[in-house]
Amino acid sequence: MTAQRASLLAALLVAAHLLLALSYSLWNPAGEAPDEADHWAFVVYLAQERRLPEGAWMTQSKHPPLAHIGAALLASLAEPGFTFLRANPDVSIQPRANWSPNFFIHTSLEAWPWRTDVMAFHLARLWSVLLSTATVAAVYGLARTVWLQQPGLAVTATGVVAFLPEFAFIGSAINNDTAAALFGTLALWGGLAIYRAGGDWRAGWWTPLALGLGLLSKVSTASLWPAIGLAIVFGAARAQQSVFLPDSRGSGGAPRLSPLAPRWLLSGLIVFVPALLIASPWLLRNWRLYGDLTGMELVRQTIDLRTTPWTWGDTLWLLEGWFVSFWGKFGGAGHIPMAGWIYWLLAVLTVVSVVGFVRSWRRRTPDDRIVLVLLATAAVSVVVGVWQYSLTALGTDQGRLLFPALGALAILWVEGLHCWPPTRWRAYFAAALLAFLAGLSLYGLLGVIRPAMAPPPAIDPSSLPRAVESITFGELALVDWSFDEAVKLYWRSEQPPTQDWRTTLRVVAEDGSLVWEWRRSPGYGRWSTDRWPAGVVVEDVYIVGWPDWAGPGRYLVEVGLQPYAGAYATPVRGGQAVEGVFTQLGWWERP
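Since the structure is predicted, the reported quantities are computational estimates derived from the model, not experimental observations. (Residues numbered from 1 in each chain as written. Predicted model: local features only at pLDDT ≥ 70, side-chain atom pairs only at ≥ 80, totals over all residues. Heavy atoms only, no water.)

**Describing the sheet that holds strand β8 (residues 501–509)**
(1) Moving on: Taken in spatial order, the four strands line up as β9-β8-β11-β14 in an open sheet, and their pairing is antiparallel. Edge positions in the open sheet fall to β9 (514–520) and β14 (583–590), since each of these has one partner strand only. The mean inter-strand angle of the sheet, taken between neighbouring strand axes irrespective of direction, is 20 degrees.
(2) Moving on: Relative to β9, β8 is paired through six bridges, and the arrangement is antiparallel. Looking at the pairing, T503 lines up with R520 of β9. (Pairing = 2+ DSSP bridges. Helix = DSSP H or I, 4+ residues; strand = E, 2+ residues; numbered from the N terminus. Axes fitted to C-alpha atoms, helices over the stretch in contact; angles between N-to-C directions.)

Written as structure tokens, this is what we have:
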């Protein structure tokens, strides 16, 4: 494959990722990505207050602000706010009957055409889409520096990142992981360019900028600095073929640096000093406010701290979580997986890649081997950095945390796979691999996220016994209910509802004491009432959380209905208004 053709294909892959990430951004409901609501709160504060928050009251303020500043600038073109983010009390991370995986109730406020704060939210998402798309382009530049004579492999690695389901998902949501991926990839590209140029910093002139902006985006990008430093030193050594020379006392004396020392020292200073200067305002602010450069004291106040010693079981948990969610695991807590067989297939491909990497190693020149070692060093450094953080924090089993080394990981994976097919079949194998990943990304959106976030099925009205007299609450009517192992209510829309209605179910003891109460959007929060068509019937199931003191006996079940931010509706039964805001449905005998 010619370099010109490779560049054209890479440009097409960049465009394909842009469309894919935009699709995820449009169709994944607002707030349904890891920590997205918290990141949005940071963005809104920056847009409204024009300054950085202080203290632990805003959880994501523990992070450097660059990615959020960019999102805030775009969001400021509209009216950043929170009116559309309405928490779902029924959210469940573990699949079960009547599963509600969505962290938020998605009302008609989020519908097109977007307005005010919803428009601002999508503009902030667009910032992440642009960053992830730029990352794909940067991966091509990095890969071309790795495989100087094999542009086809660079195209394959670019396609792997472009069609990685998790990167399309994270790259469409509000976060700082996409910025870390972009600047991490740019920094590695610059470092390898310096190595290829014999330690001359001018070949990777953008490296200081990438390192500094990376540190202003996410602290974990600092894990790449050792690999960049090694690239400079090895590049200088490559230029002169020797790192040490014997001193004047002869071969038995202590070694001294050869004349290459000024080159790696000069390049190192030119790369790392400006990078530190770029990040210094944020570092010094942390020192002034929290007593350390990276603000770890603030971090400890905003995370779930690990309270037990690290075990081998924790290591297996971390590795499994990284692997699964690196390829694709969706939802607000990364709790919605793809089909299990997909991960097994990807695991097989990864094992094949590891074996192939060893096989390919033998065929590489010493120069190419050093490049691969530098990539592996970058990947291992990021892994070790996240592992060290895991000794302090819970919830670190997420592949997105490895994204500062995303380009390196993709290139190493492709390096191990490409050696297996015969030369004449390698182009077909690469095309099949990218087609598989592209299909996987579409499946992640259309076959995993969309069905998980879809409304529950409506109930056929003819299947209801209609043994009770319906109760009307404004736009909704309670047309049937039952008490068994759970309380089941059946709501019907009398007209297309205009309100986001919330039910309150109460269980009351015979002596009048409140046993249990739950307020929710009917249908366990998966289908906001203001999206219901007229005449639809929705089943609303409640699993009562009985307190220990509630023994066998009779319990009164009653229900009320109110708009999200309004007063309770007056219930009407048999044409007569019912006194009080709660309507008694009957007595429940608990054995």
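**Describing the nonpolar core**
(1) Moving on: Among the nonpolar cores identified, the biggest contains 93 residues, and W147 and L375 are the most heavily contacted of them.
(2) Moving on: Broken down by element, the residue count for this core peaks at 10 residues, all from helix α16 (residues 426–453).
(3) Moving on: Once residues lying within four places of it in the same chain are set aside, the contact partners of L375 are L142, V146, L192, A408, I411 and L412.
(4) Moving on: One finds F473, A550, A569 and W588 within the second-largest nonpolar core, a separate group that totals 28 residues. (Core = buried A, V, L, I, M, F, W, Y, C linked by side-chain atoms within 4.5 Å. Buried < 20%, exposed > 50% of the residue type's maximum accessible area, 1.4 Å probe, protein only. Contact = heavy atoms within 4.5 Å.)

**Comments concerning the side chain of S100**
(1) Moving on: Relative to the elements of secondary structure, S100 occurs in the loop between α3 (66–75) and α4 (116–146).
(2) Moving on: By relative accessible area, which is 0% here, S100 ends up buried.

**Points about the packing of aromatic side chains**
(1) Moving on: Counted according to the given criterion, the structure contains 23 aromatic pairs.
(2) Moving on: Ring plane angle 65 degrees and centroid distance 6.4 Å describe the contact between F323 and W327, whose orientation is recorded as edge-to-face. Here W327 and F323 lie together in helix α12 (residues 312–327), a separation of four residues that amounts to about one turn.
(3) Moving on: Given the relative accessible area of 4%, W327 is considered buried.
(4) Moving on: Summarising the aromatic geometry, the rings of Y568 and F582 are spaced 5.2 Å apart at their centres and angled 55 degrees between planes, so their arrangement reads as tilted. One end of the pair, Y568, is in the loop between β11 (553–563) and β12 (572–573); the other, F582, is in the loop between β13 (576–577) and β14, and 14 residues separate them in sequence.
(5) Moving on: Overall, the relative accessible area of 27% leaves Y568 in the partly exposed class.
(6) Moving on: Members of the aromatic cluster, connected to one another through ring pairs, are F167, F323, F326, W327, F403 and W413. (Phe/Tyr/Trp six-rings, centres within 6.5 Å; stacked < 30°, edge-to-face > 60°.)

**Some points on the sheet that holds β12**
(1) Moving on: Strands sit in the order β10-β7-β6-β5-β12-β13 across an open sheet of six strands; the sheet is antiparallel. At either end of the open sheet lies a strand with only one pairing partner, and these are β10 (537–542) and β13.
(2) Moving on: With two bridges joining them, strand β5 (residues 471–473) and β12 adopt antiparallel strand pairing. Bridging from a neighbouring strand, T472 pairs with V572 of β12.

**So, the pairing of β10**
(1) Moving on: With five of six residues buried, β10 lies mostly within the body of the structure.
(2) Moving on: Bridge count for strand β7 (residues 487–493) against β10 is six bridges, and the pairing is antiparallel. Counterpart to K488 in the pairing with β10 is V541.

**Considerations on the packing of helix α13 (residues 340–361) against α16**
(1) Moving on: Direction vectors running N to C along α13 and α16 enclose 150 degrees, while the axes themselves pass 13 Å from each other. Between α13 and α16, the angle is such that the two are roughly antiparallel. Every pair of crossing elements has a handedness; the one defined by α13 and α16 is left-handed. Residue-level contacts link I342, L345, L346 and L349 of α13 to L433, F436, L440 and Y443 of α16.
(2) Moving on: Residue composition of the contact of α13 with α16, by class: eight nonpolar, no polar and no charged. (Parallel < 35°, antiparallel > 145°, perpendicular 65-115°, else oblique. Left-handed = near helix turned anticlockwise from the far one by under 90°. Nonpolar A, V, L, I, M, F, W, Y, C, P; charged D, E, K, R; others polar.)

**Some thoughts on unusual backbone geometry**
(1) Moving on: Note that the residue after W112, namely P113, is joined by a cis bond; omega there is 0 degrees.
(2) Moving on: Backbone geometry at R50 places phi at a positive 60 degrees, although glycine is not the residue there.
(3) Moving on: Secondary-structure assignment places R50 in the loop between α2 (36–49) and α3.
(4) Moving on: Classification of R50 as exposed rests on a relative accessible area of 60%.
(5) Moving on: Here Y524, not a glycine, exhibits a phi torsion of approximately 50 degrees, which is positive.
(6) Moving on: Mapped onto the secondary structure, Y524 falls in the loop between β9 and β10.

**Concerning α2**
(1) Moving on: End to end, α2 covers 20 Å across 14 residues, agreeing with the expected 20 Å (1.5 Å per residue, within 8%).
(2) Moving on: Burial analysis of α2 places 11 of its 14 residues in the buried class, which makes it a mostly covered element.
(3) Moving on: Close packing links the buried residues of α2 with α3 and α4.
(4) Moving on: Just downstream of α2 lies R50, where phi reads positive at about 60 degrees. (Expected span 1.5 Å × (residues − 1).)

**What to know about the pattern of salt bridges**
(1) Moving on: Within this structure, the stated rule accounts for 18 salt bridges.
(2) Moving on: In this structure, the salt-bridge partner of E36 is R125, at a minimum N-O distance of 2.9 Å. Of this pair, E36 sits in helix α2 while R125 sits in helix α4, and the two are 89 residues apart along the sequence. Across this residue pair, the class does not change: E36 and R125 are buried.
(3) Moving on: The structure contains a network of salt bridges with shared partners spanning D35, D177, K218 and R400. (Salt bridge = Lys/Arg side-chain N within 4 Å of Asp/Glu carboxyl O.)

**Here we look at the packing of α13 against helix α15 (residues 406–417)**
(1) Moving on: Between α13 and α15, the shortest axis-to-axis distance is 6 Å and the interhelical angle comes to 75 degrees. Here α13 is positioned roughly perpendicular relative to α15, judged by the angle of their axes. When α13 is examined against α15, the residues L349, T350, V352, S353, G356, F357 and S360 are found in contact with a partner set consisting of L412, W413, E415, G416 and L417.
(2) Moving on: Along the lines of polarity and charge, the residues of the contact of α13 with α15 split into six nonpolar, five polar and one charged.

Honestly, it's all geometry; don't read function into it.
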